[in-house]
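Remarks on the overall topology
These are the residues of each chain, in order.
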Amino acid sequence: MFQQILESIKQFGSFSKEEQNVLIAHLEIRALKKNEFVLKTGAVSQHIYFVNKGSLRHFKSLDGYTEHTKNLFLENDWVLDRSSFTSQKPSEYCIQACEDCELLSLHMKKAHELIAKSPSFFRLGKVLEESNEYENLNSPQEKYLKLMNDCPEIIQRFPLKHIASYLGMTPETLSRVRAKVKL
């Protein structure tokens, strides 16, 4: 159950067996059914989640019809609304399960307790760093090819309209790019 998260924290540094056990003791297991939310628009983000199983989408409605997908998450990803979590202000976004999910949840207060117990946990703050590496690419084809190379599972597990929104293009543009790439 906890092996995936213990592997993931290795990217932030070395954690002793005792520190790993303390982290596990602070985690809660949360199961979500497809289409359930871990965060709704207007709520304040209080948790950091780790995806053991499933997929989620971080998005907001722009006008009631159009949505902007900020991020797509799969197994071994850390999930949160960084802006709401760090500011403790209501979120403009929501986070919804796209498949049945098993998440490990760390409440903000528990995270602060961990940091107080050991400076090693301070390094977990890297989870709060945000970047979308697709924003800096110029063409839709470059964005799609990077996604294909970096995370082909996203292409297999999410609807094309969500992928297009995540890459900052229309579904029609994504269809044209996919047709060119297949040639």
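Quick note: structure is the one above.
First things first, this report covers the structure right here in the doc. (Residues numbered from 1 in each chain as written. Predicted model: local features only at pLDDT ≥ 70, side-chain atom pairs only at ≥ 80, totals over all residues. Heavy atoms only, no water.)

**Re the packing of aromatic side chains**
Each aromatic ring pair is summarised here by two numbers: the centre-to-centre distance and the angle between the ring planes. Taken as a whole and assessed by the stated rule, the structure comprises three aromatic pairs. Their ring planes at 70° and their centres at 6.2 Å tell us that Phe12 and Trp78 sit as a pair that is edge-to-face. Linking Phe12 in the loop between helix 1 (3-8) and helix 2 (17-26) with Trp78 in strand 6 (residues 78-79), this pair joins segments that are 66 residues apart in sequence. The class of Phe12 is buried, set by a relative accessible area of 12%. In this structure an aromatic cluster arises from ring pairing among Phe12, Phe50 and Trp78. Here Arg57 stacks its cationic end above the ring of Phe59, 3.6 Å away from the centre of that ring. Here Lys70 stacks its cationic end above the ring of Tyr93, 4.8 Å away from the centre of that ring. (Phe/Tyr/Trp six-rings, centres within 6.5 Å; stacked < 30°, edge-to-face > 60°. Helix = DSSP H or I, 4+ residues; strand = E, 2+ residues; numbered from the N terminus. Buried < 20%, exposed > 50% of the residue type's maximum accessible area, 1.4 Å probe, protein only. Lys NZ or Arg CZ within 6 Å of the ring centre and 35° of its normal.)

**Describing the pattern of salt bridges**
Within the structure shown, the criterion is met by seven salt bridges. The partner of Arg57 in a salt bridge is Glu67, and the shortest N-O contact between them spans 2.9 Å. With Arg57 in strand 4 (residues 56-61) and Glu67 in strand 5 (residues 67-73), this pair connects stretches of sequence that are 10 residues apart. Overall, Glu67 belongs to the partly exposed group, its relative accessible area being 34%. Among the charged side chains, a network of salt bridges with common partners joins Glu75, Glu99, Glu153 and Arg157. (Salt bridge = Lys/Arg side-chain N within 4 Å of Asp/Glu carboxyl O.)

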